[in-house]
Amino acid sequence: MIIAIDGPSGAGKSTLSKKLAKRLGFVYIDTGALYRTVGLKFINKGVQLDNTALVEEVLSDTTVDINYVNAEQRVYLDGVDVSDEIRTPEVSLMASAVSALPEVRAFLLGMQRSIANGKNVILDGRDIGTVVFPNAEIKIFLSASAKERAKRRYEELIAKGQDVTYEQVLEDLEKRDYNDSHRAIAPLKQAEDAYAFDTTGNTFEQSLDLLVEYLKTKGVE
Ligand code: DC
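Everything numeric in this text was worked out from a predicted model, so none of it was measured. (Residues numbered from 1 in each chain as written. Predicted model: local features only at pLDDT ≥ 70, side-chain atom pairs only at ≥ 80, totals over all residues. Heavy atoms only, no water.)

Peer 1: Describe the nonpolar core, and please don't skip the residues or the numbers.
Peer 2: Judged by nonpolar contacts, the single largest core of 35 residues is most densely connected at Val 38, Phe 42, Val 75, Val 104 and Phe 133. A per-element tally of this core places helix α2 (residues 32-45) first, with 6 residues. The contact partners of Phe 42, leaving out residues within four places of it in the chain, are Val 47, Leu 49, Val 55, Val 58, Leu 59, Met 94, Val 98, Leu 101 and Val 104. Counting 20 residues, the second largest nonpolar core, distinct from the first, contains Ile 3, Ala 11, Phe 197 and Leu 208. (Core = buried A, V, L, I, M, F, W, Y, C linked by side-chain atoms within 4.5 Å. Buried < 20%, exposed > 50% of the residue type's maximum accessible area, 1.4 Å probe, protein only. Helix = DSSP H or I, 4+ residues; strand = E, 2+ residues; numbered from the N terminus. Contact = heavy atoms within 4.5 Å.)

Peer 1: Explain the environment of Val 131 to me, using residue names and the numbers behind them.
Peer 2: Here Val 131 is to be found in helix α6 (residues 128-132). We classify Val 131 as partly exposed; its relative accessible area is 30%. For the pair Val 131 and Ala 191, spaced 60 residues apart in sequence, the C-alpha separation works out to 9.2 Å. Other than its neighbours up to four places away in sequence, Val 131 contacts Leu 109, Arg 113 and Ala 186.

Peer 1: Can you break down α2 residue by residue, with the values?
Peer 2: Because an α-helix completes one turn every 3.6 residues, residues spaced three or four positions apart along the sequence face the same direction. In this model α2 runs 20 Å from its N-terminal to its C-terminal C-alpha over 14 residues, within 8% of the 20 Å that 1.5 Å per residue would give. By the criterion of burial, α2 is predominantly enclosed, with 10 of the 14 residues buried. Among all positions of α2, only Ala 33, Leu 34, Tyr 35, Arg 36, Thr 37, Val 38, Gly 39, Leu 40, Lys 41 and Phe 42 are buried. Where α2 terminates, the next one or two residues include Gly 46, which has phi positive at roughly 60°. (Expected span 1.5 Å × (residues − 1).)

Structure, rendered in structure tokens:
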């Protein structure tokens, strides 16, 4: 069974998906981490995104893998664990930029499908219910106001010891929202058959309870 959870940055997709997966005994796949890993490679190689020949060349020499360590997803770039390195604001923006490239989306599409193949999975991303798994049994579109999402993201980054301001986080998030929903291929949008769930004003526990209730109505528990 596939549960697709899409939505903009900071809507709570990954924390909620992780918790739900644990509760249901599903595998959790964070697809944003794959785009972040490609973004990191492009930063390391200084790739200009309009240089299609170089984009293709670098992709052909890139491997991205995931593995689970203590039930946590880890992501590897060319064999090296970069799970922590991909969480900086710089990589966030680059991930959003590279995710607009058709070559990058094609590179990661098959990978996402094969990782999920034959398993009960919850995937979170931007285009899971629309493109990667349009036939997913359950689709949820999670959102929240930009201000609330920025506040959550800011608190997360500060807790990790990163040097950021709320204004910068809000600005980056709005930029990513714009990029992600205006790109030509697989833009962020709600699938027609997705359940829309706005988490603005909810605590994490409230959102989790509401999602668990929704899944029960779909026979998943
Ligand atoms: O979920 P995240 O913030 O880690 O994702 C990083 C970027 O990757 C996001 O800005 C857009 C892109 N992305 C995508 O285009 N499609 C996905 N399924 C997941 C992420």
